[in-house]
Amino acid sequence: MKFKASLCISAAAVSLALLLLHSCDNTKVWIRLFFGYPTRTREEQLFKLDVGWPRDPSLFTGTPYDVAVDHQNSLVYVAQRGDNVSKVLVFTEEGYFKESWNTNTLEMPHGIFAAINQNEQSIWITDVGQGQYGHTIKQYSLSGKLLTVLGTPGIAGSSLSPLQFDQPADIFVKTNGDVYIVDGDGGLNNRLLMLTKEFNVQWTLGGNGTKPGEFYIPHCVAVDEYGRVWVADRGNKRIQVFDSITGEWIGTWDTCFSEDGPYSVRVTGDRKYIVVAQLNISRLLFLSFPPIGHIGHCQVASTIQMADGVRPHLVDVSLMTGSVYVAELGAQQVKYKDMFMY
């Protein structure tokens, strides 16, 4: 089941803008878009744009699809696609270019995650390529050395032994080493897997469908400190929540996504909001984050409506600064000078 048209835009037809949003005393929003202008929303605005990030936008020679923040070392890792381009660019949180990875082990990066804690310091990347390195999830050192490959390179499948993926979309690694993977960026599988730190499959759930625990193009995954797994069930226009230990279904949010499904799910550093990107309608949602217990109903705390064609894809947050980084699939031309203030 291929869903290429609305899932991942061809790198030859689009370019990407990478936005850095900062918290703004919960009162204002500054937004500078690389394509067009935003429209005013009624909700309280929570973030402003850092117009100087990155310092040199021309370094994006490919089409970045995701961004990961190493909050301990104040670094930002950008995964991009394209021919003859570095698949990973590294910046400081201040926006200065640090380095690019010289690796030929990546084909089409989709999700990127920085596992930075007392037990691990590595970067994980999902590869949805169709070639000899695709259908895998790779662990790298912070300097780009390949450490681990999950899945069977070049072979799409659903097997758990040996482990196989078909266009795995995203990965989240807890501080204790537990690994959560959503597998099915338009491929055969629509599932959520939980692996131990030794990469043994602990449990898996899913299947193509609309019932609780079923998915249609699961696109992003995050785990909160209360032991809940949040999955952006993109094709079903909902977020599903599960117990991180047992995989038991906890609840579903769907009322916030009538116009477009959620492409991302990340919890802000202050644990007040869940950040969701809606690619097809060029919108960011900040949803009220529920405390431990029942997740209740989906509530929109703030909205950033971007111009048509901006197409925000995946996001990440800095746990130290509270900054929100947004990877956007936009037009071939980009603008750097436009800024709005609310």
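Rules used in this analysis
- Residues numbered from 1 in each chain as written.
- Predicted model: local features only at pLDDT ≥ 70, side-chain atom pairs only at ≥ 80, totals over all residues.
- Heavy atoms only, no water.
- Helix = DSSP H or I, 4+ residues; strand = E, 2+ residues; numbered from the N terminus.
- Buried < 20%, exposed > 50% of the residue type's maximum accessible area, 1.4 Å probe, protein only.
- Contact = heavy atoms within 4.5 Å.
- Areas by Shrake-Rupley, 256 points an atom, 1.4 Å probe, with all protein chains shown as cover.
- Polar contact = N/O pair within 3.5 Å; in protein donor to acceptor, adjacent residues only side chain to side chain.
- Disulfide = S-S within 2.5 Å.
- Phe/Tyr/Trp six-rings, centres within 6.5 Å; stacked < 30°, edge-to-face > 60°.
- Lys NZ or Arg CZ within 6 Å of the ring centre and 35° of its normal.
- Pairing = 2+ DSSP bridges.
- Axes fitted to C-alpha atoms, helices over the stretch in contact; angles between N-to-C directions.
- pLDDT = per-residue confidence, 0-100.
- Salt bridge = Lys/Arg side-chain N within 4 Å of Asp/Glu carboxyl O.

- The name an unreviewed UniProt entry assigns to the chain is NHL repeat-containing protein 3, from the organism Staurois parvus.

1. Concerning the overall build of the chain
Stage number 1. A tally of helices and strands in the chain yields one helix and 26 strands.
Stage number 2. For the chain, buried positions account for 61% of its 342 residues.
Stage number 3. Nonlocal contacts in the chain, meaning residues at least 24 apart in sequence, comprise 50% of its contacts between residues at least 6 apart.
Stage number 4. Counting only carbon and sulfur atoms, one obtains 50% of the accessible surface of the chain, whose full area is about 13400 Å².

2. Points about the side chain of D170
Stage number 1. Along the chain, D170 turns up in strand 12 (residues 168–173).
Stage number 2. Here the side chain of D170 touches V221 through a polar contact of 3.0 Å, landing on its backbone nitrogen.
Stage number 3. Apart from residues lying up to four places away in sequence, D170 is in contact with D66, G111, I112, T126, Y180, I181, V182, H219, C220, V221 and R266.

3. A closer look at the side chain of T92
Stage number 1. Of note, T92 is situated in strand 6 (residues 88–92).
Stage number 2. Residue contacts for T92: discarding those within four places in its chain leaves W53, S74, L75 and V76.

4. Re the state of the cysteines
Stage number 1. One pass over the full model with this rule turns up one disulfide.
Stage number 2. Through a disulfide, C256 is tied to C298; the S-S separation comes to 1.9 Å. Between C256 and C298 the sulfur-sulfur dihedral comes to about -120°; the bridge is accordingly left-handed. Note that C256 is positioned in the loop between strand 19 (249–253) and strand 20 (266–267) and C298 in the loop between strand 22 (283–288) and strand 23 (300–305), a separation of 42 residues in sequence. Across this residue pair, the class does not change: C256 and C298 are buried.

5. Here's the deal with the packing of aromatic side chains
Stage number 1. Going through the model one piece at a time under the given rule, you end up with 14 aromatic pairs.
Stage number 2. Each ring, one from Y77 and one from W101, has its centre 6.0 Å from the other, and the planes form 65°; the classification is edge-to-face. Placement of the pair is Y77 in strand 5 (residues 75–81) and W101 in the loop between strand 7 (97–100) and strand 8 (109–116), with a sequence separation of 24 residues. You'll find Y77 and W101 in the same group, each marked buried.
Stage number 3. Through a chain of ring-to-ring contacts, the aromatic side chains of W53, F60, F91, F97 and Y325 assemble into a single cluster.
Stage number 4. The cationic tip of R81 hangs over the ring face of Y65; the distance from NZ or CZ to the ring centre is 3.7 Å.

6. What about the sheet that holds strand 14 (residues 191–195)?
Stage number 1. Strand order across the open sheet formed by four strands is 12-13-14-15, with antiparallel pairing between neighbours. Edge positions in the open sheet fall to strand 12 and strand 15 (201–206), since each of these has one partner strand only. Going across the sheet, the axis of each strand differs from the next one's by a mean of 15°, ignoring polarity.
Stage number 2. Bridging between strand 12 and strand 13 (residues 179–183) involves five bridges; their strand directions are antiparallel. Paired with P168 across the strands is D183, a residue of strand 13.

7. Regarding the sheet that holds strand 11 (residues 146–150)
Stage number 1. Pairing within the open sheet is antiparallel, and its four strands lie in the order 8-9-10-11. What marks the edges here is a single partner per strand, and that holds for strand 8 and strand 11. When the angles between neighbouring strand axes are averaged without regard to direction, this sheet yields 20°.
Stage number 2. Judged from the four bridges that link them, strand 10 (residues 136–140) and strand 11 form a sheet pairing that is antiparallel. Each residue of the ladder has a partner; that of I137, found in strand 11, is L150.

8. Some words on the confidence of the model for the chain
Stage number 1. Of the residues in the chain, 83% have a pLDDT of 70 or more, and the chain-wide mean is 85.
Stage number 2. Below a pLDDT of 50 lies the segment residues 1–17, which in the model reaches 61 contacts outside its immediate sequence neighbourhood of four places, other chains included.
Stage number 3. This stretch, residues 331–342, has a pLDDT under 50; its non-local contacts, to residues over four places away or in other chains, come to 42 contacts.

9. Remarks on the pattern of salt bridges
Stage number 1. As enumerated under the stated definition, the model contains nine salt bridges in all.
Stage number 2. One salt bridge in this structure joins R228 and D224, with 2.8 Å as the shortest N-O distance.
Stage number 3. Judged by its relative accessible area of 3%, R228 is buried.
Stage number 4. According to the relative accessible area criterion, D224 is buried, its value standing at 9%.

10. Side note on the environment of T246
Stage number 1. Relative to the helices and strands, T246 is located in the loop between strand 18 (238–243) and strand 19.
Stage number 2. Each C-alpha atom of the pair T246 and T204 lies 9.9 Å from the other, and the pair is 42 residues apart in sequence.
Stage number 3. In this structure the side chain of T246 is engaged in a polar contact, spanning 3.2 Å, whose partner is the backbone nitrogen of E248.

11. So, unusual backbone geometry
Stage number 1. The residue after S161, namely P162, is reached through a cis peptide bond having omega 0°.
Stage number 2. Tracing the sequence through the fold places P162 in the loop between strand 11 and strand 12.
Stage number 3. Phi at F199 takes a positive value of approximately 70°, unusual for a residue other than glycine.
Stage number 4. Considering the arrangement of structural elements, one finds F199 in the loop between strand 14 and strand 15.
Stage number 5. Judged by its relative accessible area of 27%, F199 is partly exposed.
Stage number 6. Of note in this structure, S282 is not a glycine but carries a positive phi near 50°.

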